[in-house]
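A structural walkthrough
Given next are the chains, with one letter for each unit.
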Amino acid sequence: IIDEINRGNLSKIFGELIYGLEYREEEIDLQYKEFNPNEPELGVLSVPKNLFVIGTMNTADRSIILFDAALRRRFSFIPLFPDYNLLAQWFDIAEKFDEDTFREKLANATGETKNKILSILALAKINSALTRDPSIGREKQIGHTFLLELRDSPGNFVKIWKHDIFPLLEEYYFEAPNVITEMFNNDIFESQEGIKNFEVGTLSKALE
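Residues numbered from 1 in each chain as written. Predicted model: local features only at pLDDT ≥ 70, side-chain atom pairs only at ≥ 80, totals over all residues. Heavy atoms only, no water.

**Some words on the packing of helix α6 (residues 111-132) against helix α7 (residues 157-172)**
Worth spelling out the cut-off: Convention adopted: a line fitted to C-alpha atoms gives each axis, helices being fitted over their contacting stretch, and angles between N-to-C directions are expressed from 0 to 180 degrees. A run of DSSP states H or I qualifies as a helix once it reaches four residues; a run of E qualifies as a strand once it reaches two. Both are numbered from the N-terminal end. Roughly parallel here means an angle under 35 degrees, roughly antiparallel means over 145, roughly perpendicular means 65 to 115, and every remaining angle is called oblique. Throughout, a residue-residue contact means that at least one pair of heavy atoms, one from each residue, lies within 4.5 Å. Classes in brief: Ala, Val, Leu, Ile, Met, Phe, Trp, Tyr, Cys and Pro nonpolar; Asp, Glu, Lys and Arg charged; the others, Gly included, polar.
Running from N to C, α6 and α7 cross one another at 5°; their axes reach a closest spacing of 13 Å. Between α6 and α7, the angle falls in the class roughly parallel. Facing Asn115, Ser119, Ala122, Leu123, Ile126 and Leu130 of α6, the residues of α7 in contact are Phe157, Trp161, Leu169 and Tyr172. Considering only residue class, the contact of α6 with α7 consists of eight nonpolar, two polar and no charged.

The following block contains the structure:
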């Protein structure tokens, strides 16, 4: 498993393995084969079927362009976007996420359950706005992993939004901070002061 593979020097990471991945189960001559004339098995490389190479990357990073051109034929690409169904199951709210159903559940929810439902609904709404914004796009959606800790640490509700999610939005809308205020209100974010010091009730109201 190679994390953030597109940030690495691919020729150093793979070496002759790059050809082995393309011609799996075929013997590839290694660079120094000629120095092992009496041990020919040391001069070749083959990649067996049961060896899997998994590389992760953030496609919001433009360095992916060169990587994509170099290794597209050697790898299958699997996109991973925010998974609201996973959050719904993680919090034992429902089997899958449905906005109308969640809004109905929100009407009768209180306390920690309400905060979890609000967080999922708000995250989906925010990501929808980010996706529609041509200057940001779907690659910079806010991931569901930010909210996972709410299951075991529901008291981190304010922390997650104040120190994880809102700073990301502040970065995205650096040149148009008023957009964040319009999304929420002045009690959460103010163009000149930035992220405000707020409590649970204020956050819940803003997310609603």
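**Some remarks on the packing of aromatic side chains**
Each aromatic ring pair is described using two quantities: the centre-to-centre distance and the angle formed by the ring planes. Worth spelling out the cut-off: When the centres of two rings from Phe, Tyr and Trp lie within 6.5 Å, Trp using its six-membered ring, the rings pair. Their planes under 30 degrees apart give stacked, over 60 give edge-to-face, and anything left gives tilted. Burial classification: accessible surface area is computed with a 1.4 Å probe over protein chains only, and a residue below 20% of its type maximum counts as buried, one above 50% as exposed, and the rest as partly exposed. The rule for a charge over a ring is simple: NZ of Lys or CZ of Arg within 6 Å of the ring centre, and within 35 degrees of the ring normal.
Going through the model one piece at a time under the given rule, you end up with six aromatic pairs. For the ring pair phenylalanine 97 and phenylalanine 102, a centre distance of 4.9 Å and an interplane angle of 70° mean the geometry is edge-to-face. Across this residue pair, the class does not change: phenylalanine 97 and phenylalanine 102 are buried. Note on tryptophan 161 and phenylalanine 166: the rings are 5.6 Å apart at their centroids and 50° apart in plane angle, and the pair reads as tilted. Judged by its relative accessible area of 2%, phenylalanine 166 falls in the buried class. The rings of Trp161, Phe166, Phe184 and Phe198 are connected pair by pair, giving a single aromatic cluster. Seen from the ring of tryptophan 90, arginine 151 lies directly overhead, with NZ or CZ sitting 3.4 Å from the centre. A cation over an aromatic ring shows up here: lysine 162 above the ring of phenylalanine 198, its NZ or CZ 5.9 Å from the ring centre.

**A look at the pattern of salt bridges**
Convention followed: What makes a salt bridge here is a side-chain nitrogen of Lys or Arg within 4 Å of a carboxyl oxygen of Asp or Glu, nothing more.
All told, the structure shown has eight salt bridges when counted by the stated rule. The shortest N-O distance in the salt bridge between glutamate 208 and lysine 114 comes to 3.2 Å. Placement of the pair is glutamate 208 in the segment after α9 (200-207) and lysine 114 in helix α6, with a sequence separation of 94 residues. Residue lysine 114 is classed as partly exposed on the basis of its relative accessible area of 23%. As a salt-bridge pair, aspartate 164 and lysine 159 come within 3.8 Å of each other at their nearest N and O atoms. Given a relative accessible area of 23%, aspartate 164 falls into the partly exposed group. Since its relative accessible area comes to 32%, lysine 159 is described here as partly exposed.

**Points about the packing of α6 against α9**
Using the following cut-off: Crossing handedness is defined as follows: a turn of the near helix away from the far one that is anticlockwise and smaller than a right angle gives a left-handed crossing, while the clockwise case is right-handed.
Across the interface, α6 lies against α9 with an axial gap of 10 Å and an inter-helix angle of 45°. Taken together, α6 and α9 sit at an angle that is classed as oblique. Here α6 runs over α9; the crossing is left-handed. Along its contact with α6, which presents Asn115, Leu118, Ser119 and Ala122, the element α9 presents Val200, Ser204 and Leu207.

**Comments concerning a nonpolar patch on the surface**
Put simply, the rule reads: Residues forming no salt bridge and having over 30% relative accessible area are the ones grouped into patches, like charges within 9 Å of each other and nonpolar side chains (Val, Leu, Ile, Met, Phe, Trp, Tyr) within 5 Å. Areas reported as accessible are Shrake-Rupley estimates using a 1.4 Å probe. Residue values count occlusion only from the protein chains shown.
Together, Ile1, Phe52 and Ile54 make up an exposed nonpolar region whose accessible area comes to about 420 Å². The topology assignment puts isoleucine 1 in the segment before α1 (10-14). What makes isoleucine 1 exposed here is its relative accessible area of 83%.

**Focus on the side chain of serine 119**
Quick reminder of the rule: Residues adjacent in sequence count toward polar contacts only when both atoms are side-chain atoms; beyond that, a polar contact is any pair of N or O atoms within 3.5 Å, and within protein one must be able to donate a hydrogen and the other to accept it.
Structurally, serine 119 is set in helix α6. Exposure remark for serine 119: the relative accessible area of 0% places this residue in the buried category. One polar contact links serine 119 to tryptophan 161, side chain to side chain, over a distance of 3.1 Å. Apart from the residues lying within four places of it in its own chain, the contact partners of serine 119 are Leu147, Leu150, Phe157, Trp161 and Leu207.

**Some points on unusual backbone geometry**
Glycine aside, residues mostly have negative phi angles, and peptide bonds mostly take the trans form. For glutamate 4, which is not glycine, the phi dihedral falls at a positive 50°. You can see glutamate 4 is positioned in the segment before α1. Using a relative accessible area of 37% as the deciding quantity, one classes glutamate 4 as partly exposed. One non-glycine residue, aspartate 92, adopts positive backbone phi at about 55°. Among the structural elements, aspartate 92 can be located in the loop between α4 (84-90) and α5 (99-108).

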